[in-house]
Amino acid sequence: MGLTRQYLRYGPAALFGLVASARGSAAFVALRGERGRYVAVPACEHVFVWDARKGEKVLILKGLKQEVSCLCPSPDGLHLAVGYEDGSIRVFSLLSGEANITFNGHKAAVTALQYDHLGGRLVSGSKDTDVIVWDVINESGLYRLKGHKDAVTQVLFLKEKNLLVTSGKDTLVKWWDLDTQHCFKTLVGHRTEVWGMALISEEKRLITGSADSELRVWDIAYIKEAKDPDEPESKKSKAASPGAEENTEEDETLELDEHPEERLVKCSKVGSIMREGRDRVVTLATDRTGKVLACHGTDSVLEVFSVLSEEELQKKLEKKMKKAKKKAKQNSEEEPERSVELSLQEEIQRVTNIKASSKIKSFDLILSPKGELKIALLLQNNIIESYSLNLSAQVPQAVRASRITIGGHRSDVRTLAFSSDNIAVLSAASESVKIWNRSTLQCIRTMGCEYALCSLFVPGDRQVIVGTKTGKLQLYDLASGSLMETLNAHDGAVWSIALSPDQRGFVTGGADKCVKFWEFELVKDESSIQKRLSMKHVRILQLDEDVLCVRFSPNQKLLAVSLLDCTVKIFYTDTLKFFLSLYGHKLPVLCMDISYDGTLIATGSADRNVKIWGLDFGDCHRSLFAHDDSVMYLQFVAKSHLFFTAGKDSKIKQWDADKFEHIQTLEGHHKEVWCLALSPNGDYLVSASHDKSLRLWERTREPLVLEEEREMQQEAEYEESVAKEEQPVVAGEAQGETGLAGKKTIETIKAAERIMEAIELYREETAKLKEHKAICKAAGKEVPFPANPILRAYGNITPSAYVLEVFKKVRSSELEESLLVLPFSYVPDLLRLFNEYIHLGSEVELLCRALLFLLKIHFGQITSNHMLVTVIENLKKTTISRVSEARDVLGFNMAGLQYLKREIEAKDEVMFFADATDRFEEKKRKRKKKEKMVLAVL
């Protein structure tokens, strides 16, 4: 291969301008031993942890490529489970910020995550309609539950029983028995999608929220339990309420389908609570104690409810009874016969409504022991707000504790610009202009503006000019951060602005079919002595169509103007005479740029193409299909014929205008890329997207060879296609309710290949060893044995030990899927090796798991193979003995731990009683002192 032209690779340097993505959910996390202070929020592919009190970012949990779609902190507060758009789940340690565990099982975005109360299991629901239960400790998937017909919206574990409740967009709420892994009950009381679910009253009540303003409340009764004699009267009387009559028919039909003894739970509708919001429920959740319930719709109001505990209900009921008796005595002397009951509205009371500054996307609650409720709200417009609410107050009022806004814009950034010294970056959106320091990524200035569409730094970098949607030009002074001047430049939007190469003025193009020329001038205000910068309108070029983009040639001889009629017209700057018309695009040209030497002009259009033209004769050199959607921005790299394009397909691409080749694609943004800006020295690129993020890309010193780049791209495509291959369909086999938790990925295929290679090496080495023994026997002396370099690298281990090493390196979550891919021809060798390992007592747990899985999937072939009968018999003996040994060790350790626990508890009780007596004595002393003082006063 001859020497090809090398390019330098641009790589991602940073993500900034983002407080939180509107996708996903916010969650309070415990950091440094504090709860209710730190909030974890999704930020594109990362997770940011913010200190709500200081408004500082304290931790970034770095993702790979996919956008975060769901968050769930573990009960111990040490880990955070993060679900992604591609269906993967990663569990991060909040202490180190590293991802310890990765689960791959879903084929689409993860929509719901929940830990069980001990934190040992994690359940995930997805858009692919599956629910998967994962073992966090063993880092593996337990099983997949299939039954929903649409995306799963919420998943909840029940503490008391090994049960799971799931809700979906298919209007169903399903109850799963995790011991037998099947769905034993489906609630069909909803007409529309079930968007949210919560358990309250110590898991005796279920609340569901759907597309109407009704929160339905369901009573949960465990059938196996005996009726509690001390149950409050209200519950018994509710069984006879009209709401339950409808359900009796439903129960009868259920009993026809299945035997009553098979059912574990009875779930009947009690009534409903009305929300104030008219639209669908977006999030419905309780705090960890279950005392507070909150929900919000697609608006900016969070509705907070208080759930009364059993004791509070009992007290309320007693009060009501007394009142009823009193009333009855007044009316007549007879005792009231009818029983008193509490209404649902009295059990679940509305506390208050919290009005946020914008639409709420998600929230989290935390109730402190003192009765203060802390609420974190993730808003649609890149803001996190936190509120505190004192529930013990007579009229609870929500107080806004903090608001994190400085790190980003409220709306999409529509224009970007670099200062001439490559240090400052300007970004402007519909409400503000922000100036960022490129090296620290800190926001230096924030200035209010109208809806900005284009911008530039005035030469000298002390002022900036912004063109707005209403046709105004706004001039800002950066030192004071103030608006110096506003000019009405155009009658429509100012779509484009370009600085003249002599730096004395600039040109603007607008929706009023005009191109206007401006010059900088110094004017003196009456109020101040010093002169200030201003803009003077010099000339105007009237055209037939709206102007979308304007650019000067570097020698300032020509001016290129792109129009709404899909053409680009080129005029002489001095006389404004027409020179060339570039036509060929099927849709309007949205962006263009002229190269540094003035020989080429590149145009990007809404027809998804980029055309490269010569500026001498206006001939089209090449048309390139650039993006899968409109090309939004185009800019040449300084002192080269390389240029970058940004598209609505969320990609940024680099091209060579001489060779007409695509060099590299910068992937990172998750939504449309609106604009980009290259630094004057070409080392940095900043891009802005609809995902509210700004990204900084840096030119590295790493050379980029096109052939290698193409090969890597093809490999990535192949790996993706391999992972997407469906499992073979077995004739006559029906899809069950449960399945394997994992899915086939390129990692599982590679793991299977590594196991195959290790077994092949084992076969070769054992054959060589036999040959060597025969040679030694024939020679009558010890002949040196040539060691395998791989085994030597592992410290001269035996071939069988090498297979075990490879086995141990397979990720726990990928083990089953890897064994599923493994051809049967390798299984007999594996079984023999397993026998050897288990006999030695090494990795018993891992090997038993693999052994049982292999027996399950290859049962027919193993049992029909006579050569494996002895192996299986031996395995049976060794496995049973080793597993019982392991069980004894576990039992002994458990007993020891329980003994220690009892010892500690006994000590604590002694301490507690000692404390109590001390306190009692203290109170006694205080009372005596008080009495003495009262006597003295008297």
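See the structure above.
Notes on the structure follow. (Residues numbered from 1 in each chain as written. Predicted model: local features only at pLDDT ≥ 70, side-chain atom pairs only at ≥ 80, totals over all residues. Heavy atoms only, no water.)

Per the secondary structure count, the protein includes 13 helices and 57 strands. Here the protein holds 938 residues, and the buried ones make up 50% of them. Pairs at least 24 apart in sequence give 50% of the contacts found in the protein among residues at least 6 apart. For the protein, the exposed area adds up to about 47300 Å²; of that, 52% sits on carbon and sulfur atoms. Averaging the positions of the 129 positive and the 136 negative side-chain charges in the protein gives two centres separated by 5 Å. (Helix = DSSP H or I, 4+ residues; strand = E, 2+ residues; numbered from the N terminus. Buried < 20%, exposed > 50% of the residue type's maximum accessible area, 1.4 Å probe, protein only. Contact = heavy atoms within 4.5 Å. Areas by Shrake-Rupley, 256 points an atom, 1.4 Å probe, with all protein chains shown as cover. Lys, Arg positive; Asp, Glu negative; His and termini not counted. Charge placed at Lys NZ, Arg CZ, Asp CG, Glu CD.)

The next thing to look at is the nonpolar core. Membership of the largest hydrophobic core comes to 35 residues, with the highest contact counts inside it found for Phe-807, Leu-819, Leu-830, Leu-831 and Phe-834. Of all elements in the fold, only helix H6 (746-779), helix H8 (799-809), helix H9 (815-821), helix H10 (827-840), helix H11 (844-857) and helix H13 (869-937) reach the threshold of two or more residues within this core. With seven residues, the single largest contributor to this core is H10. Ignoring sequence-local partners within four residues, the contact set of Leu-831 consists of Leu-851, Ile-862, Leu-868, Val-871, Ile-872 and Leu-875. (Core = buried A, V, L, I, M, F, W, Y, C linked by side-chain atoms within 4.5 Å.)

Moving on to the pairing of strand S35 (residues 463-468). Most of S35 is tucked away: six of the six residues are buried. Neither face of S35 is exposed, since Gln-463, Ile-465 and Gly-467 on one face and Val-464, Val-466 and Thr-468 on the opposite face are all buried. Strand direction decides the pairing type here: strand S34 (residues 452-457) and S35, joined by five bridges, are antiparallel. Residue pairing in the sheet places Ser-455 in a bridge with Val-466 of S35. Linking S34 to S35, which pair antiparallel, is a turn of five residues; within it Gly-460 sits at a positive phi near 105°. Across five bridges, the pairing between S35 and strand S36 (residues 472-477) is antiparallel. When the bridges of S36 are listed, Gly-467 appears paired with Leu-473. (Pairing = 2+ DSSP bridges.)

So, about the packing of H8 against H10. One way to put it is that H8 packs onto H10 with a least axis distance of 11 Å and a crossing angle of 95°. One way to sum up the angle between H8 and H10 is to call them roughly perpendicular. Where H8 approaches H10, its residues Ser-800, Val-803, Leu-804 and Phe-807 are matched on the opposing element by Leu-830, Leu-833, Phe-834, Glu-836 and Tyr-837. (Axes fitted to C-alpha atoms, helices over the stretch in contact; angles between N-to-C directions. Parallel < 35°, antiparallel > 145°, perpendicular 65-115°, else oblique.)

On the surface, a cluster of positive charge is contributed by Arg-919, Lys-923, Lys-924, Arg-927, Lys-928 and Lys-932. Relative to the elements of secondary structure, Arg-927 occurs in helix H13. (Patch = residues over 30% accessible without salt bridge, like charges linked within 9 Å, V, L, I, M, F, W, Y side chains within 5 Å. Salt bridge = Lys/Arg side-chain N within 4 Å of Asp/Glu carboxyl O.)

The subject of this paragraph is the pattern of salt bridges. Tallied over the entire structure, the rule returns 34 salt bridges. Close ionic contact of Glu-34 with Arg-37 constitutes a salt bridge, the shortest N to O distance being 3.1 Å. Residue Glu-34 is classed as partly exposed on the basis of its relative accessible area, which comes to 26%. Assessed through its relative accessible area of 11%, Arg-37 is described here as buried. Here Asp-130 ties to Arg-144 by a salt bridge, and the two come within 2.9 Å at their closest N and O atoms. Placement of Asp-130 in strand S12 (residues 130-135) and of Arg-144 in strand S13 (residues 140-146) is noted, with a sequence separation of 14 residues between them. In this structure Asp-130 comes out as buried when scored by relative accessible area, which is 9%. The network of salt bridges with shared partners includes Glu-34, Arg-37, Asp-51 and Arg-53.

In spatial order, the strands read S14-S15-S16-S17; together these four strands make up an open sheet with antiparallel pairing. Edge positions in the sheet fall to strand S14 (152-158) and strand S17 (182-187), since each has one partner strand and no second. Strand-to-strand twist across the sheet, computed as the mean angle between neighbouring axes with direction ignored, equals 20°. Taken together, the five bridges between strand S16 (residues 173-177) and S17 define a ladder with antiparallel strand orientation. In the sheet register, Asp-177 faces S17, and the bridge partner there is His-182.

Here we come to the environment of Leu-676. Here Leu-676 lies in strand S54 (residues 673-678). On the basis of relative accessible area, Leu-676 is assigned to the buried category, the value being 0%. Excluding its chain neighbours within four sequence positions, the residues that come into contact with Leu-676 are Leu-416, Tyr-633, Gln-635, Phe-644, Thr-645, Ala-646, Ile-652, Leu-685, Val-686 and Ser-687.

Overall, antiparallel pairing links the four strands, which are arranged S38-S39-S40-S41 in an open sheet. A single partner strand is all that each edge strand has here, and the edge strands are strand S38 (494-499) and strand S41 (531-542). Averaged over all adjacent pairs, the angle separating strand axes in this sheet is 25°, with direction ignored. Relative to strand S39 (residues 505-510), S38 runs antiparallel, the two sharing five bridges. Counterpart to Ala-498 in the pairing with S39 is Val-507.

Right, let's talk about the packing of aromatic side chains for a bit. Going through the model one piece at a time under the given rule, you end up with ten aromatic pairs. Note on Phe-48 and Trp-50: the rings are 6.3 Å apart at their centroids and 75° apart in plane angle, and the pair reads as edge-to-face. Side by side, Phe-48 and Trp-50 carry an identical accessibility label, which is buried. Ring plane angle 70° and centroid distance 5.9 Å describe the contact between Phe-571 and Phe-578, whose orientation is recorded as edge-to-face. Judged by relative accessible area, Phe-571 falls into the buried class, the value being 7%. Through a chain of ring-to-ring contacts, the aromatic side chains of Phe-506, Trp-518 and Phe-520 assemble into a single cluster. Over the aromatic face of Tyr-222 sits the side chain of Lys-161, whose NZ or CZ is 4.8 Å from the ring centroid. (Phe/Tyr/Trp six-rings, centres within 6.5 Å; stacked < 30°, edge-to-face > 60°. Lys NZ or Arg CZ within 6 Å of the ring centre and 35° of its normal.)

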